[in-house]
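# Geometric and topological summary
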Amino acid sequence: MSDANALKDQGNKAFAAKDYDKAIQLFTAAIALDPSNHVLFSNRSAAKAGKKLWTGALEDAEQVVTLNPTWGKGYARKGAALHGSRRYDEAIAVYEKGLEYEDSQALRKGLQEVKDAKAKEGTAGSEFGLGRMFQDPNLIGKLATNPRTQKHLSDPAFVQKLQMMQQNPVLAESAIGSDPRMIDVLGVAMGIDLQGFSRDEGSDELPPGVKQTSAPSPPPSPPRAAPASSSSNSNSKPSPPPPAPQPEQEDVEMDEDAAEEAKAKAAALAAKAKGAEHYKQRQFDDAATAFSEAWDLWPKDVTFLTNLAAAYFEQGEYDKCIATCETAVEEGRGLRADYKLLAKALGRIGSAYTQKGDLLSAKKYFQKSLSEHRDAAILSKLQATEKAVAEAERQAYIDPEKAASAREEGNTAFKGGDFATAVKLYSESIKRAPSDARALKDANEAINVDPTFVKAYIRKASILHTMREYTKTLEALQAATTADTANAHTAEIQAQEMKTQQALFTQRAGETEEQTLARAMQDPEVAAIMNDPVMQQILQQAQNNPGALQDHMRNPGIRDKITRLVNAGIIRTR
């Protein structure tokens, strides 16, 4: 429900800006996409409470409790709506019910406010209980932000009168009857839209059905320098009031929730830092405890989980590491976490499976990690795992008994002249026992019987490559190329040559000329060539005139010797 989450985020921003109409509209659109999300109903209830729409706020709060009956904030929303509706006993019962599920500061504060409001109403000084409306300590601030009442605050006498009424609520009844402006004040204090009491600015007319007992005395004008003619104009607009402090938000708890969340986040980050210190000191048990605590305090940062998984990994608790990383990926997608964090969690799962010896699963999760983010370290782990999987499969295929059986069947087929079947059986024997010298002997016998049998040379090269005899492998492949007069096996031979050359390059990486000569001279055939006076003269001549070497290559015997020296690395080509 990514669209619903986006609408919720926009609605929260509108609520923070006190644009309650827009917030209600956005939360309503989000609910249409995700009608089972209790948080959306909770937020819309708060927005409606901000507009003093207590009935609608109560309906949404009841839906919150229905969807999640153990969530304390749902009872806080319902209690606030009942409080605003002045249904104090019901509000008290709801707050107390919420405290049974969750002992939160918001519920305790709401419960105390309802009890205080009920007590004040019971001890109000006027017959109609109007005096209590003027005891709100934030009353002046509310009047300053209301377009209808902010102009009244430009009159110091009026402000003084309000302050007197706050100190002595008994004066409220007489003030309301003598000063029509008090009706506007009463409407703001009660949170009621008094459209029925609206009138033109400057007019003394009262609504129908309300009798004026005596002519209201005009409020004293504040002392200021002004032209004399302006005092006779009763309809003149007062000067703009001075800036007043913004009132505190009441009845809705989103600001308080934000503060609580910030506090929880700070505590979680502190626990994470503590866990990091334990991790550096290799105190993995304490580190795991701290990272777990961080996630419990503020489950909105998946790094808490990835760090916890790292601690489990170091402890050798690979199953716990895997489960924690899977949770991190699942929660991270819901929180729209950075894809690099998800890749890190998936890569750690792959490492855990590697430690468990489950190479196929490790390969799977390394590939998943790279699909989220291409990281060089994970790519290296994937390549190493793929090689390990291939080697494991090769080792699993080795079976000396089956190799011997295949070799005997191959000998029978060879003696019967069925060379194709013999090659197939010999190949199977090599795969089943690649280090068995008898496989090489069989390949040599096949070549002796039929020197034009190209497949025999290729099989010999494969056996030598398995034995890491790369120089002899190249020689066998060169012999295969000579025998393949129809070029029917060119692609197979070239592929094997490239594979062997890469193996040689890896084997000889960083080797000096002296080290190369020492290694090559261990081969008796190479040593014999190097001690041949004719070859010594040819090599000395090639150093002064490289082109002369091409002329000597026309001699088949010299060419074979030079080729062997090239394969051994003594003669280096570019």
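This write-up is about the structure you can find in this document. Worth saying up front: this structure is predicted, and the values here are computed from it rather than measured.

### Some words on empty space enclosed by the protein
- Considering all chains together, one arrives at two cavities of 30 Å³ or more under this definition.
- Of the pockets and cavities examined, the largest cavity occupies roughly 70 Å³.
- Lining the largest cavity are 11 residues, with Tyr426, Ala443, Ala446, Ala456 and Arg459 positioned closest to its centre.
- Of all the elements in the fold, those that place two or more residues in the lining of the largest cavity are helix 20 (419-432), helix 21 (437-449) and helix 22 (454-466).
- Examining the composition of the lining of the largest cavity, we find that four residues originate from one element, helix 21, more than from any other.

### Structural notes on helix 5 (residues 72-84)
- Its 13 residues give helix 5 an end-to-end C-alpha distance of 19 Å, which sits within 8% of 18 Å, the value for a rise of 1.5 Å per residue.
- With respect to burial, helix 5 is a largely interior element, 10 of its 13 residues being buried.
- Gly72, Gly74, Tyr75, Ala76, Arg77, Gly79, Ala80, Ala81, Leu82 and His83 are the residues of helix 5 that are buried.
- Following helix 5 by one or two positions, Arg86 adopts a phi angle in the positive range, close to 65°.

### Observations regarding the nonpolar core
- Membership of the largest hydrophobic core comes to 30 residues, with the highest contact counts inside it found for Phe304, Cys321, Cys325, Ile349 and Tyr353.
- Contributing elements (two or more residues each) for this core: helix 12 (254-280), helix 13 (284-297), helix 14 (303-315), helix 15 (318-335), helix 16 (339-356), helix 17 (359-372) and helix 18 (376-397).
- Here this core takes six residues from helix 14, the largest share from any one element.
- Those residues in contact with Phe304 that sit more than four places away from it in its chain are Ala268, Leu269, Lys272, Phe291, Ala294, Trp295 and Trp298.

### Digging into the packing of helix 17 against helix 18
- Remark: helix 17 packs on helix 18, axes separated minimally by 9 Å, with the N-to-C direction vectors making an angle of 150°. In terms of axis orientation, helix 17 runs roughly antiparallel to helix 18. For helix 17 against helix 18, the interelement crossing comes out left-handed. Taken together, the residues of helix 18 that come into contact with helix 17 (itself represented by Leu359, Leu360, Ala362, Lys363, Phe366, Gln367, Ser369 and Leu370) are Ile378, Leu379, Lys381, Leu382, Thr385, Glu386, Ala388 and Val389.
- Looking at the contact of helix 17 with helix 18 residue by residue, the class counts come to 10 nonpolar, three polar and three charged.

Cut-off values and rules
Residues numbered from 1 in each chain as written. Predicted model: local features only at pLDDT ≥ 70, side-chain atom pairs only at ≥ 80, totals over all residues. Heavy atoms only, no water. 1 Å grid on protein atoms, 1.4 Å probe; cavity = no way out; pocket = protein on both sides within 12 Å on 5 of 7 lines; lining within 4 Å. Points joined across faces, edges and corners; volume = space filled by probe spheres on them. Helix = DSSP H or I, 4+ residues; strand = E, 2+ residues; numbered from the N terminus. Expected span 1.5 Å × (residues − 1). Buried < 20%, exposed > 50% of the residue type's maximum accessible area, 1.4 Å probe, protein only. Core = buried A, V, L, I, M, F, W, Y, C linked by side-chain atoms within 4.5 Å. Contact = heavy atoms within 4.5 Å. Axes fitted to C-alpha atoms, helices over the stretch in contact; angles between N-to-C directions. Parallel < 35°, antiparallel > 145°, perpendicular 65-115°, else oblique. Left-handed = near helix turned anticlockwise from the far one by under 90°. Nonpolar A, V, L, I, M, F, W, Y, C, P; charged D, E, K, R; others polar.

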